[in-house]
Amino acid sequence: MIAGLNSIYLLLGSNLGDRLLIMESARNLIGKNVGHISIESSIYETAPWGITDQPAFLNQVIRAETSLAPEKVLRNILDIEHELGRVRYERWGARVIDIDLLYYQDLILDTALLTLPHPRLQDRLFTLIPLAEIAPDFVHPLLGETSAALLAKCTDKGLVSKIS
């Protein structure tokens, strides 16, 4: 962690309600409560992962610059999810909003509250496609491979279509 501003990558997802409006609201709240959003990927419609009998998701990856510690970033994004109506019923179930902290700089962390980098990002096309769009050369600090390389070797077959 570097004093001052730190680059973080967040994955936003929504498959309930007005998905585009909810994701816009999430970005606005992230800008106010986490840090300045410096780049946004396109928005993709994606097949559900884990539990497949649910509506399609919209997903997007953003990079933000934050002065907050990783645990505070996590607390703030959980607060944003709650404010936007997220209720946790079942793992990988339908949700109004989901915000995952993918990377905090190149920090490696494994605590009871937070694991960085996100432990499953390399397994999911809906994460890797928008991540590689905005950060193709970012190197995963544990795997030693770029986002583009991780995307090229990902075996996930879920449908991912750019919508904007």
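That block above? That's the structure.
Conventions we followed
- Residues numbered from 1 in each chain as written.
- Predicted model: local features only at pLDDT ≥ 70, side-chain atom pairs only at ≥ 80, totals over all residues.
- Heavy atoms only, no water.
- Core = buried A, V, L, I, M, F, W, Y, C linked by side-chain atoms within 4.5 Å.
- Buried < 20%, exposed > 50% of the residue type's maximum accessible area, 1.4 Å probe, protein only.
- Helix = DSSP H or I, 4+ residues; strand = E, 2+ residues; numbered from the N terminus.
- Contact = heavy atoms within 4.5 Å.
- Axes fitted to C-alpha atoms, helices over the stretch in contact; angles between N-to-C directions.
- Left-handed = near helix turned anticlockwise from the far one by under 90°.
- Nonpolar A, V, L, I, M, F, W, Y, C, P; charged D, E, K, R; others polar.
- Phe/Tyr/Trp six-rings, centres within 6.5 Å; stacked < 30°, edge-to-face > 60°.
- Polar contact = N/O pair within 3.5 Å; in protein donor to acceptor, adjacent residues only side chain to side chain.

K.L.:
Looking at this structure, how should I read the nonpolar core?
P.N.:
Formed by 26 residues in total, the largest nonpolar core has its most connected members in Ile 8, Leu 10, Ile 30, Ile 99 and Leu 101. Secondary-structure elements contributing two or more residues to this core are strand 1 (6-14), helix 1 (19-33), strand 4 (57-66), helix 2 (70-83) and strand 5 (98-104). Per element, the largest residue contribution to this core is five residues, and it comes from helix 1. If we skip the residues at most four places from it in the chain, Leu 10 touches Ile 30, Gln 60, Val 61, Ile 62, Ile 77, Ile 99, Asp 100, Leu 101 and Leu 102. Within the second largest apolar cluster, 15 residues are counted, among which are Tyr 9, Leu 128, Ala 135 and Leu 150.

K.L.:
Can you help me understand the packing of helix 1 against helix 2 in this one?
P.N.:
When two helices pack together, you describe them by how their axes are tilted relative to each other and by the distance separating the axes. Viewed as axis vectors pointing N to C, helix 1 and helix 2 meet at an angle of 145°, and their least axial separation amounts to 10 Å. The handedness of the crossing between helix 1 and helix 2 comes out as right-handed. Contacts between helix 1 and helix 2 involve Ala 26, Leu 29, Ile 30 and Asn 33 from the first element and Asn 76, Ile 80 and Glu 83 from the second. Along the lines of polarity and charge, the residues of the contact of helix 1 with helix 2 split into four nonpolar, two polar and one charged.

K.L.:
Mind showing me how you'd approach the packing of aromatic side chains here?
P.N.:
In this description, an aromatic ring pair is defined by two values, namely the gap between the centres and the angle between the planes. Counted by the stated rule, this structure contains three aromatic pairs. With 6.1 Å between their ring centres and 85° between their planes, Tyr 9 and Tyr 103 make a pair best called edge-to-face. Here Tyr 9, found in strand 1, pairs with Tyr 103, found in strand 5; they are 94 residues apart in sequence, far enough to count as distant. Tyr 103 shares its class with Tyr 9; the two are buried. An aromatic cluster is present here, built from Tyr 9, Tyr 103 and Phe 138 joined pairwise through their rings.

K.L.:
Would you take a moment to explain the side chain of His 140 for this structure?
P.N.:
Here His 140 lies in the loop between helix 3 (125-134) and helix 4 (147-153). When its relative accessible area of 3% is taken as the criterion, His 140 is described as buried. Only 3.1 Å separates the side chain of His 140 from the backbone nitrogen of Leu 143, close enough to count as a polar contact. Apart from the residues lying within four places of it in its own chain, the contact partners of His 140 are Tyr 103, Pro 117, Leu 121, Gln 122, Glu 145 and Leu 150.

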